[in-house]
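Summary of structural features
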Amino acid sequence: MPGAPAKRIVLAGLGPYSRTMYYPLLERYQSAGRLTIDTVVDLESQRDIVEKYLAGRSLQPRRVVLVPDAADSSTLTDALDGADPLRETPAWGCIVATEPRAHRAYAEWAVRRGMHVLLEKPVTARDLREEGPEEALRMVEDQLFLAELAEKNGVTVVVQAQRRAHPAYLMVKEILAEVVGEYGIPVTYLDIHHSDGTWNMPWEFVSRDGHPYKYGYGKLLHSGYHFVDLFCWLTEVNRGCARPPDRLGLDVSAVDARGVDAQLTDAAYARLFGRERWGRFSGLPRPASVPEQLWGETDVVLLARLMHGPDVVTTAVLTLLQSSLSARSGLELPEDTYKGNGRVRHERVTLQVGPLMTIRVDSCQDARPGGGRSPFDVVVYRNRGLIGGEAVSRVRMRTPDAASDAASDSLNNRAREELFRDFLALDGRRSGLALHGTTVRVLAAAVAGVVRAARGGSGRSVVALDPSVREWHRAE
Ligand SMILES: NC(=O)c1ccc[n+]([C@@H]2O[C@H](COP(=O)([O-])OP(=O)(O)OC[C@H]3O[C@@H](n4cnc5c(N)ncnc54)[C@H](O)[C@@H]3O)[C@@H](O)[C@H]2O)c1
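Residues numbered from 1 in each chain as written. Predicted model: local features only at pLDDT ≥ 70, side-chain atom pairs only at ≥ 80, totals over all residues. Heavy atoms only, no water.

Quick word on the overall build of the chain
Across its full length, the chain carries 15 helices and 16 strands. Taken over the C-alpha trace, the chain has a radius of gyration of 23 Å; the compact-globule value for 476 residues is 23 Å, and the two agree within 12%. In the chain, which comprises 476 residues, the share counted as buried stands at 52%. Looking at the chain alone, contacts between residues at least 24 apart form 72% of all its contacts between residues at least 6 apart. Taken as a whole, the chain presents about 20200 Å² of accessible surface, with 52% of it coming from carbon and sulfur. Both charge centroids of the chain, one from 60 positive and one from 61 negative side chains, sit 3 Å from each other. (Helix = DSSP H or I, 4+ residues; strand = E, 2+ residues; numbered from the N terminus. Rg over C-alpha atoms; globule rule 2.2 N^0.38 Å. Buried < 20%, exposed > 50% of the residue type's maximum accessible area, 1.4 Å probe, protein only. Contact = heavy atoms within 4.5 Å. Areas by Shrake-Rupley, 256 points an atom, 1.4 Å probe, with all protein chains shown as cover. Lys, Arg positive; Asp, Glu negative; His and termini not counted. Charge placed at Lys NZ, Arg CZ, Asp CG, Glu CD.)

Right, here's the structure in full:
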């Protein structure tokens, strides 16, 4: 709108991800006159990193707020609002990209101040060390609480779950919806494999604050959110089938940080990095030396069944791994733990619509130092004699060379920007917080199952899919 003041944006969390993604994006939009970077918030303990990063940027925020590391909600509010000369006119919006245990506090602060929110996945996270499964299930209360508060305050909250705006997955969902809608046959099978090659050295499980394991959660609340969400979002097309699912049966199998520490022996590390180098680190505290603690999972497999009455509508297997091919070849943790730590993304999805169709998504990066290359392909196989069309159609969404820059991962970044634009346009139709209810239920049930199983119990549970059912979870 000509003459309208630029939207003032708060960025909560200037960690490795915001430094790679949001700050440069905000600078670009500020240069185009679309917004201004109002406030950057992070922890007092991160002062040096924050100041060093901002010193190298062309555009500066109006203010930087560094909150005490142990701040609770009220000290946080005081720190953010207390000394602000503009406290009577809150910013237009807030991007919440802190470590996820702080998501709820920042999202609540922003929504209560009437700001719109772009909320990074996962919606929230909780320290699971004391109450474990019960605490994991409270993530559902977080999602409901924030969604209701946002509605009451008339603000939009968009969740950054970018596969909902990813061109390949949008195409897949459209094709599925057409076939399921036309023939009334559901997506009968779905298989997601995501491995990211996040290779942590044993002592990093103890020391890491970003993408931590020491609070009892791991992969599911790191990148796992995306794939639980992808499963829930893609299988929405089953609402168009003759007998849509009403609940989900879930089982889990996980390996935690302590388990990984047992898989990779000291002899193997010494062989890989040299006895002398390994010896300098090998005495540091590690999960194996604190076995009584609950450690977050590095690898998890979910076996899910979408059910209608006694019948299985969809069988799904989600294989979510961090102990997988990595390009890391050093013992020291680099400053950029997001893209500079040898992560290698392998992402494959297979979907079946009974005897009518198979769709395969395939994007596997190689592990060359400095950034692997990965094509992104979608292949659709049709039962041509019955439903017509091409027997096999391939779409190469991206050539391997187009992604040779590790920092770009261009399709995901484009999709992230799409949801950022949804936030600026106050458009919650693709990824508004209220649309994440099923994802958060399934995720919370899976995390609770992982914790129960780690304590020798069963990882099985049943999750109601009807959002109006408040007794939504039963452990089995
Ligand atoms: N959409 C995606 O593909 C994607 C990719 C990477 C990360 N993420 C998400 O983005 C967020 C940030 O990721 P990251 O890798 O930078 O994580 P991170 O855990 O390293 O933390 C981000 C920053 O938050 C700060 N922080 C922690 N607690 C805080 C508090 N109470 N108040 C203020 N600041 C606080 C930390 O000091 C850090 O600088 C996470 O929610 C993560 O899940 C999303």
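Next comes the rest of the account.
Thoughts on the site of the ligand
Taken together, 27 residues sit near the ligand, with Asp42, His103, Tyr106, Lys121 and Arg416 positioned nearest. Here tyrosine 17 contributes a backbone N or O atom positioned 3.1 Å from an oxygen atom of the ligand. Interatomic distance of 3.4 Å between a side-chain N/O atom of histidine 211 and an oxygen atom of the ligand. Taken by itself the ligand offers 850 Å² of open surface, and the protein chains cover 91% of this. (Near = heavy atom within 4 Å. Polar contact = N/O pair within 3.5 Å; in protein donor to acceptor, adjacent residues only side chain to side chain.)

Considering the UniProt feature "domain: Gfo/Idh/MocA-like oxidoreductase N-terminal" (unreviewed entry) in the chain
Mapped onto this numbering, the UniProt entry gives "domain: Gfo/Idh/MocA-like oxidoreductase N-terminal" (unreviewed entry) at residues 95-139. A distance of 19 Å separates the end C-alpha atoms of residues 95-139, which is 38% helix and 16% strand. (UniProt positions renumbered as here; feature names shortened; annotations may be inferred.)

A short note on the pairing of strand β2 (residues 35-43)
Counting buried residues along β2, seven of its nine residues qualify, which places the element largely inside the surrounding structure. Note that strand β1 (residues 7-12) and β2 share six bridges and pair parallel. Bridge pairing in β2 places lysine 7 opposite leucine 35. Two elements, β2 and strand β3 (residues 63-67), share five bridges in a ladder whose sense is parallel. (Pairing = 2+ DSSP bridges.)

Describing the environment of glycine 388
Its place among the elements puts glycine 388 in the loop between α13 (384-387) and β14 (392-398). A relative accessible area of 23% means that glycine 388 is categorised as partly exposed. Discounting chain neighbours no more than four positions away, the residues touching glycine 388 are Arg382 and Asn383.

Describing the nonpolar core
The biggest cluster of nonpolar side chains holds 94 residues, and the ones touching the most others in it are Leu220 and Phe231. For this core, the element with the most residues is helix α15 (residues 437-454), which contributes ten residues. Sequence-distant contacts of leucine 220, that is, excluding residues within four places in its chain, are made with Tyr225, Val228, Glu297, Val300, Leu302, Leu320, Leu443, Ala446, Val447 and Val450. (Core = buried A, V, L, I, M, F, W, Y, C linked by side-chain atoms within 4.5 Å.)

Observations regarding the pairing of strand β12 (residues 357-364)
A regular strand carries its side chains on alternate faces of the sheet. Two strands pair when backbone bridges link them, and strand β11 (residues 346-353) and β12 are joined in this way by eight bridges, in the antiparallel orientation. Paired with arginine 348 across the strands is aspartate 362, a residue of β12. Connecting β11 to the antiparallel partner β12 that follows it, the hairpin turn spans three residues, and glycine 354 within it adopts a positive phi of roughly 40°. Taken together, the six bridges between β12 and strand β13 (residues 376-382) define a ladder with antiparallel strand orientation.

What about the pattern of salt bridges?
Side chains bearing opposite charge may pair, as long as their charged atoms lie close to each other. The tally for this structure, following the rule as stated, stands at 37 salt bridges. Notably, a salt bridge pairs arginine 28 with glutamate 417, separated by 2.8 Å at the nearest N-O pair. Residue arginine 28 is found in helix α2 (residues 22-31), and its partner glutamate 417 is found in helix α14 (residues 410-424); the two are separated by 389 residues along the sequence. By relative accessible area, arginine 28 is classed as partly exposed at 45%. Residue glutamate 417 is classed as buried on the basis of its relative accessible area of 17%. Each of Arg104, Arg126, Glu131, Glu135, Arg138 and Asp142 takes part in a single network of salt bridges with overlapping partners. (Salt bridge = Lys/Arg side-chain N within 4 Å of Asp/Glu carboxyl O.)

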